[in-house]
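Structure at a glance
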Amino acid sequence: MPAFNAASVVSLLLIEDDLVDEMAFLKAVKEQGLPYRVRVARSVAQARSELAGQAFDIILSDYNLGDGTCFDLIDAFGAQLVLLVAGMGEEQIAVRALELGVHDYMLKDPQRGYLKLLKWRVATALQQTNLARQLHASQASLRATLDAVPDLLFELDLQGRYHDYHSARSDLLAAPAEVFLGKLVSDILPSAAAAVVMASLEQADREGFSIGQQMRLDLAQGPMWFELSVVRKVDAASEQSRFVVLSRDITARKQSEEALRQSLQDKEALLREVHHRVKNNLQVITSLLRLEAGRSSLPQTKSVLDAMQGRIRSMALLHETLYRSGVFAGSDLSVYLAQVATQVFRLSASGRVRLTLDLAPLKVGLDLATPCGLLLNELVSNCFKHGFASGADEAAQGGALSEGEVRVSLQPLAGGPRWRLTVSDTGAGLPADFEARRERSLGLQLVSDLAHQIGGQLEVGAGPAAEFSVSFLPR
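Let me sum up the structure you'll find in this document. Because the structure is a prediction, the values reported are computed rather than measured. (Residues numbered from 1 in each chain as written. Predicted model: local features only at pLDDT ≥ 70, side-chain atom pairs only at ≥ 80, totals over all residues. Heavy atoms only, no water.)

1. Some remarks on the sheet that holds strand E17 (residues 466-472)
In plain terms, the rule: DSSP bridges decide pairing: two strands pair if at least two such bridges lie between them. Helix and strand definitions follow DSSP, with helices as H or I runs of at least four residues and strands as E runs of at least two, each counted in order from the N terminus. With axes taken as lines fitted to C-alpha atoms, and helix axes fitted only over the stretch in contact, angles between N-to-C directions fall between 0 and 180 degrees.
Taken together, the five strands give an open sheet; going across it, the order is E12-E14-E15-E17-E16, and neighbouring strands pair in mixed fashion. Whereas interior strands pair on both sides, the edge strands pair on one side only; in this sheet they are strand E12 (352-359) and strand E16 (458-460). The mean angle between the axes of side-by-side strands here comes to 15°, regardless of whether they run parallel or antiparallel. Across seven bridges, strand E14 (residues 403-412) lies against strand E15 (residues 419-425) in antiparallel orientation. Counterpart to Val 408 in the pairing with E15 is Val 423.

2. Points about a negative patch on the surface
Spelled out, the test is: In this scheme, patches are assembled from residues that exceed 30% relative accessible area and form no salt bridge. Like charges are connected within 9 Å, while nonpolar side chains (Val, Leu, Ile, Met, Phe, Trp, Tyr) are connected within 5 Å. Accessible areas in this description were obtained via Shrake-Rupley with a 1.4 Å probe; residue shielding takes into account the shown protein chains only. The salt bridge criterion pairs a side-chain nitrogen of Lys or Arg with a carboxyl oxygen of Asp or Glu, the two atoms within 4 Å. Positive charges are assigned to Lys and Arg, negative charges to Asp and Glu, while His and the chain termini are left out of the count. By convention, the point assigned to a charge is CZ for Arg, NZ for Lys, CD for Glu and CG for Asp.
A contiguous patch of negative charge on the surface is contributed by Asp 17, Asp 18, Asp 67 and Asp 72. Position of Asp 17 relative to the elements: it lies in the loop between strand E1 (10-15) and helix H1 (19-32).

3. Remarks on the packing of aromatic side chains
Applied cut-off: What counts as a ring pair is set by centres within 6.5 Å for rings of Phe, Tyr and Trp (its six-membered ring), and what kind of pair is set by the plane angle: stacked under 30 degrees, edge-to-face over 60, tilted for all other angles. The classification of residues rests on relative accessible area computed with a 1.4 Å probe and restricted to protein chains. Under 20% of the type maximum is buried, over 50% is exposed, and intermediate values are partly exposed.
Taken as a whole and assessed by the stated rule, the structure comprises six aromatic pairs. Ring plane angle 65° and centroid distance 5.8 Å describe the contact between Phe 154 and Phe 180, whose orientation is recorded as edge-to-face. Here Phe 180 lies in helix H6 (residues 177-180) and Phe 154 lies in strand E6 (residues 152-157), a separation of 26 residues in the sequence. Judged by relative accessible area, which is 2%, Phe 180 ranks as buried. What links up through ring pairs into an aromatic cluster is the set Phe 154, Tyr 162, Tyr 165 and Phe 180.

4. Focus on the packing of helix H11 (residues 333-348) against helix H12 (residues 366-387)
Applicable threshold: Angle categories are assigned with fixed cut-offs, so that under 35 degrees is roughly parallel, over 145 is roughly antiparallel, 65 to 115 is roughly perpendicular, and the rest are oblique. Each helix crossing is assigned a hand: it is left-handed if the near helix lies turned anticlockwise from the far helix by less than a right angle, otherwise right-handed if that turn is clockwise. Note on contacts: a residue pair qualifies if any of its non-hydrogen atoms lie within 4.5 Å across the two residues. In this classification, Asp, Glu, Lys and Arg are treated as charged, Ala, Val, Leu, Ile, Met, Phe, Trp, Tyr, Cys and Pro as nonpolar, and every other residue, Gly included, as polar.
For the pair H11 and H12, the least separation of the axes is 9 Å and the interaxial angle reads 30°. By the angle between their axes, H11 is roughly parallel relative to H12. Judged by the sense of rotation from one axis to the other, the crossing of H11 with H12 is right-handed. Of the residues in H12, those touching H11 at Leu 333, Tyr 336, Leu 337, Val 340, Ala 341, Val 344, Phe 345 and Ser 348 are Ala 369, Cys 372, Gly 373, Leu 376, Asn 377, Val 380, Ser 381 and Phe 384. Of the residues assigned to the contact of H11 with H12, the class counts are 12 nonpolar, four polar and no charged.

Right, dumping it as structure tokens:
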């Protein structure tokens, strides 16, 4: 039946064996200008014939039909809209008709006043039927939508009692629906899972919703994980809070997360082993250089081999730092530089020289940390080699020990993202022919190259104290 429109033509079947009542009905339709296309059947047999040939928007049927009653046509009516027209005193017949599926009834009065209400009763019946069909279609669409959602959908109250359930995935239920409906969550689920559900309900009661709570259930097919989404609503009948709970199967996601976590642990173990082996290999190289330096009687050769040891130790120290921290994407440059400076100080310092560190934390990648460590190794070594060079000789001769300070600073520059690494000392200062020596110094050439490698430039202080600094952009 099409949607009801007051201006559209209504196909109507009148089943009436009384000719006078038939004529009165047709006259009322004409006088009221009702848009009815009327077919008339005067018996059960004629009615069956009409109903077999077409469907009608509405059927008006008398009870007594000569060759039977309208009850003999119930099967022929099917799902069509029927109004029973019963005589006065036939109310019990009307009730029985309603029980059999007739939509409504009208009572014939002797003055035929019921015909004055014909327009409104027919229009109301058509509207009600169309609304019922629209509601049925909407419910069917909703059911189809819910069936397409691969999640479990429950309705619970604040006490955790199940009131409704819908899902096509009954295989994911901890118990059959007929078992848990009307019972509490704690009656059905294990205590840990029930606690998660109740916590989600309480949060939704406070905030209106709850998202992300997870629980594990051991089902027949094995352990499974579910994620809960809860929304609070107010039940219209009881005016009490009810909660729509969507339980999503996230077992595959949890398994993927676990596999990814295990893979990450394996990779971390492999990287830790790589850094450990690199550090050991660098230490072997350092030991070989130390042995070679011990065999040589040439001071210049010893000096070169010692310098090479210091450079390799600084690289080995970075790999040891990464191995011990377990963080391989980068390192705290301040921690690494403090270790490098302390190592050089311990191996090179003589006299009453102190090391002062002023290093701000800075996370950098390995491609920046390695050249910074080598650069610092060269600059701090130069401080002891040139700034306090006489200290060892004086101590050997019983004279006064050298005093002073070597200062290492790593700080951000004001007004920008760049940082500055500075090494200075209070020793002998820069010689007058520093620039000429600079061109011949392998260490300073290496420092300049390393500064360029990190995107900076070596700057030498103009004062009496030796000060070297490099500004760079962290990466």
